[in-house]
2 protein chains.
Amino acid sequence: MTRATIKDVSRVAGVSIKTVSRVLNKERYVSDDMRQKVEEAVARLNYHPSLAARTLAGRRSFQIGLIHDNPSPYYIFNMQAGVGQRCREANFRMIIQPCDINSPGLVDDIGALIDQAQLDGIIMTPPVTDVGTALAELFRRKIPVVRVQPGTDLTATSAVYIDNVQAADDMTAYLISLGHRRIGLVTGHANYFASGQRLTGYRQALQRAGIGFDAALVFPGQFDFQSGAAAAEALLALPEPPTSIFASSDEMAAGVLAAAHRMGVSVPGQLSVAGFDDTDLAQVVWPSLTTIRQPIRDLGYAAADLLLEFGETIERRQLPHELIVRGSTAPPRPMAPGSSPG
Amino acid sequence: MTRATIKDVSRVAGVSIKTVSRVLNKERYVSDDMRQKVEEAVARLNYHPSLAARTLAGRRSFQIGLIHDNPSPYYIFNMQAGVGQRCREANFRMIIQPCDINSPGLVDDIGALIDQAQLDGIIMTPPVTDVGTALAELFRRKIPVVRVQPGTDLTATSAVYIDNVQAADDMTAYLISLGHRRIGLVTGHANYFASGQRLTGYRQALQRAGIGFDAALVFPGQFDFQSGAAAAEALLALPEPPTSIFASSDEMAAGVLAAAHRMGVSVPGQLSVAGFDDTDLAQVVWPSLTTIRQPIRDLGYAAADLLLEFGETIERRQLPHELIVRGSTAPPRPMAPGSSPG
DNA sequence: TTGTAAGCGTTATCAA
DNA sequence: TTGATAACGCTTACAA
């Protein structure tokens, strides 16, 4: 017993091959009578069209590529889930392509993938989104592209994103609303555009509240646990330490927590910790953290949707972020030297 | 400018199409002269053969499927990394297929995937490995299959695995070697074969050490955080509580830690906690945990290797687990009621 | 060792 | 609204 082909279906249904093809592709100009016959035959033979043949003969391959260079399993997992979901709905397949943005072969690899698989479109996630040479290659090939949270050439391709400035503003404003006046900020890796955007949001909220910007409260990080911990140590050692620390990523927030713990600073009693849930991991692993959450899965779904619905047309879609408060981000007690709890 | 085809290459190289094909497929009986001409033309034209055409014309699709129903991002990520690595080396592509083992359409979905993509082979991870209907469908189609850590029909397909009995034995023996005599065990989800195997290893080590099996020290869990916490609460409330708790998964071990913390039991001062690092997450998120680690990425690599190297032949490959001790799994202090520290 | 010709299973084109 | 037929880019047989 070998695979059923379109020929088998046409024979069983008693119609021409072309008619079967029409039904398969939901083309117009097929009578209900024909359509029904074909559908019955397809079901009876358990027929599934060969993707290879469709790709070779037609203009589409029913495949899109997801290109990433992101070491966070949670990020990738959720992104795949979202893109995969939309692909399934459209009967498309998703090809995953991990890569290394520092590899000299990056552009060639992407080109080879597109050629070999005849991809119908590409989704890129940060930081691949902002590799100029890769983008140029895609333009050259005129292949539809959707970028997730791009940092440069914002209008060059379709894109999905959250507003990082607003998100950081929201979190900062929330902390201020609880009574915090000295809010430490651990910034993100300098290579990521999100880092600067988050700093901007932080400053914006402070200014609106009439709180002066204190450069001593801003400490550079690299998005990782270590730098979060280092930042917290520095910030908590200040003559006038912050009552709250806002880390620009969840891993750094975890680092802040660890350092505070090590230094005997009670959380949230003496210090409120907040962060960005960049990897979708914070809520799972550090459930008490107050975070700004990017809806990674939704971003993936929206990216695929844009690609499948609009193709070459450039569309942008902004998704809402969430401020997630779990446990208490308690209002700070005065921490003036010598003060003691009520 | 359109894609280069094999015809273009043959023209540029001044040889026949078939010769180009021979070089591409590394067939024998090609003179060095010809080979060189072809390789130059390929490089010059930046030619990448169409997978669709190769699949349609040939017997192979250069694609294998990875089927999973596993909610752990870390597990999936590492598995993909391992399988993907081996695929890249062989110039194969990996198709990811998430599924739901309780869905009635499972078998049909798998069949459709194989038909549409003409997959050359399938890798399955638990718990899909042990779905009889799915396995039967694959046998019917005579497609090469490699299962990761199968629980049933062990010799039915090629497989890669670690020895769970030995692993649990190792950990239990290690705890005993530190002086523990009362070791609690939180078992895994009853649906997973690994659960029973780990219980067996635990009992085996106890017996060898001449320690009687105490059913009161074994508490059923479901592999998740909650049940780990519940188990710890029950075990620590025993009249004679264990000095050590061995959880059959990392998430449960985390639950044990949390519960101990909540109950004011100091770790590792009064209680040693150990676990299985099933998701490859323990070392990242709970770095102090003593764990038995499955090398997930290596399992994936080995699975793909088996599939690509041996195809239909049934081969089994056992990989070593690792006992990872970080921080101290301190020997227990006596915990008799009323006793006080040194 | 190299080349020729006939498919592979679809879709595109054009005619009916 | 339906159908015949020529591609699509490669591999497989088979010849030379």
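An unreviewed UniProt entry lists chain A under the name LacI family DNA-binding transcriptional regulator, from Sphingopyxis soli.

Caption draft 1: Broad picture of the protein's contact with DNA strand C. In the vicinity of DNA strand C there are 24 residues, among which Ser21(A), Ala57(A), Thr19(B), Tyr29(B) and Ser31(B) approach most closely. In DNA strand C, atoms within 4 Å of the protein come 65% from sugar and phosphate. Here a base oxygen of DNA strand C and a backbone polar atom of Leu56(B) are 3.5 Å apart. Class assignment for the residues of the surface near DNA strand C results in eleven nonpolar, eight polar and five charged.

Caption draft 2: Local environment of the pattern of salt bridges. All names here are of chain A. Within this structure, the stated rule accounts for 35 salt bridges over all chains. Taking the shortest distance from any N to any O, the salt bridge between Asp8 and Arg11 comes out at 3.6 Å. A residue pair is termed a helical-turn pair when its members lie 3 or 4 positions apart in one helix, as Asp8 and Arg11 do in helix α1 (residues 6–13) at three residues. Judged by its relative accessible area of 23%, Asp8 is partly exposed.

Caption draft 3: How the structure looks around the interface of chain B and chain A. Counting from both sides, the interface comprises 35 residues of chain B and, opposite them, 35 residues of chain A. Here chain B packs against chain A, burying approximately 2900 Å² in sum over the two surfaces, 60% of which is carbon and sulfur. The interface formed by chain B and chain A contains two salt bridges. Remark: the boundary between chain B and chain A carries nine residue pairs in polar contact (both at pLDDT 80 or more). Of all the secondary structure elements, the ones that give two or more residues to the side of chain B that touches chain A are α4 (51–57), α5 (73–89), β2 (93–98) and α6 (106–117) of chain B.

Caption draft 4: Spatial organisation of the relation of the copies chain B and chain A. Under the fitted operation, chain B is carried onto chain A by 0.0 Å of movement along the axis and a turn of 180°, and the coordinates agree to an RMSD of 0.1 Å. The relationship between the two copies is best expressed as a two-fold rotation axis. Looking at the rotation axis and the C-alpha trace of chain B, the residue lying nearest is Ala52(B), at 2.1 Å. Interface residue correspondence from chain B to chain A reaches 100%, placing this contact among same-surface, isologous pairings.

Caption draft 5: Region of interest: empty space enclosed by the protein. For the structure shown, the criterion picks out two cavities of 30 Å³ or more. Here the largest cavity is characterised by a volume of approximately 170 Å³. When grouped by side-chain class, the residues that make up the lining of the largest cavity number six nonpolar, nine polar and two charged. The volume enclosed by the second largest cavity comes to roughly 40 Å³. Forming the walls of the second largest cavity are Pro73(A), Ile76(A), Phe77(A), Gln80(A), Pro73(B), Ile76(B), Phe77(B) and Gln80(B). Elements that contribute at least two residues to the lining of the second largest cavity include exactly α5 (73–90) of chain A together with α5 of chain B. Tallied by class, residues from the lining of the second largest cavity come to six nonpolar, two polar and no charged.

Caption draft 6: Here's a closer look at the packing of aromatic side chains. Overall, the coordinates contain nine aromatic pairs over all chains when judged by the stated rule. Ring plane angle 15° and centroid distance 5.9 Å describe the contact between Phe246(B) and Phe276(B), whose orientation is recorded as stacked. Of this pair, Phe246(B) sits in strand β8 (residues 244–247) while Phe276(B) sits in strand β9 (residues 272–277); the two residues are 30 residues apart in sequence, bridging distant segments of the chain. For Phe246(B), a relative accessible area of 0% gives the class buried. Lying across the ring of Phe213(A), Arg203(A) places its NZ or CZ 3.8 Å from the centre. Taking NZ or CZ as reference, Arg198(B) lies 3.6 Å from the ring centre of Phe276(B), over its face.

Caption draft 7: Focus on the protein's contact with DNA strand D. Taken together, the neighbourhood of DNA strand D is formed by 25 residues, with Thr19(A), Tyr29(A), Ile6(B), Lys18(B) and Tyr47(B) sitting nearest. Backbone sugar and phosphate groups make up 70% of those atoms of DNA strand D lying within 4 Å of the protein. Contact distances for DNA strand D include 2.4 Å between a phosphate oxygen and a backbone N or O atom of Ile6(B). Take Tyr47(B): an N or O atom from its side chain is 2.4 Å from a phosphate oxygen of DNA strand D. Elements that contribute at least two residues to the surface near DNA strand D include exactly α2 (17–24) and α4 (51–57) of chain A together with α2 (17–24) and α4 of chain B. Here the surface near DNA strand D is composed, by residue class, of twelve nonpolar, eight polar and five charged.

Caption draft 8: Local environment of the sheet that holds strand β8 (residues 244–247) of chain A. Residue and element names in this part refer to chain A. Strand order across the open sheet formed by six strands is β7-β6-β8-β9-β10-β12, with mixed pairing between neighbours. Lying at the two open borders of the sheet, with one neighbouring strand each, are β7 (218–220) and β12 (322–324). Across the sheet, the axes of successive neighbouring strands diverge by a mean angle of 15°, strand direction being ignored. Here four bridges tie strand β9 (residues 272–277) to strand β10 (residues 290–293), and the two strands are oriented parallel to one another. Across the sheet, residue Phe276 finds its bridge partner in β10, namely Ile292. Packing of helix α11 (residues 250–262) onto the sheet brings it into contact with β6 (183–187), β8 and β9, and relative to β9 it is tilted by some 160°.

Rules used throughout
- Residues numbered from 1 in each chain as written.
- Chains lettered and ligands numbered in written order.
- Predicted model: local features only at pLDDT ≥ 70, side-chain atom pairs only at ≥ 80, totals over all residues.
- Heavy atoms only, no water.
- Near = heavy atom within 4 Å.
- Polar contact = N/O pair within 3.5 Å; in protein donor to acceptor, adjacent residues only side chain to side chain.
- Nonpolar A, V, L, I, M, F, W, Y, C, P; charged D, E, K, R; others polar.
- Salt bridge = Lys/Arg side-chain N within 4 Å of Asp/Glu carboxyl O.
- Helix = DSSP H or I, 4+ residues; strand = E, 2+ residues; numbered from the N terminus.
- Buried < 20%, exposed > 50% of the residue type's maximum accessible area, 1.4 Å probe, protein only.
- Contact = heavy atoms within 4.5 Å.
- Buried area = accessible area lost by both parts, 1.4 Å probe.
- Least-squares fit on C-alpha atoms with pLDDT ≥ 70 in both.
- 1 Å grid on protein atoms, 1.4 Å probe; cavity = no way out; pocket = protein on both sides within 12 Å on 5 of 7 lines; lining within 4 Å.
- Points joined across faces, edges and corners; volume = space filled by probe spheres on them.
- Phe/Tyr/Trp six-rings, centres within 6.5 Å; stacked < 30°, edge-to-face > 60°.
- Lys NZ or Arg CZ within 6 Å of the ring centre and 35° of its normal.
- Pairing = 2+ DSSP bridges.
- Axes fitted to C-alpha atoms, helices over the stretch in contact; angles between N-to-C directions.

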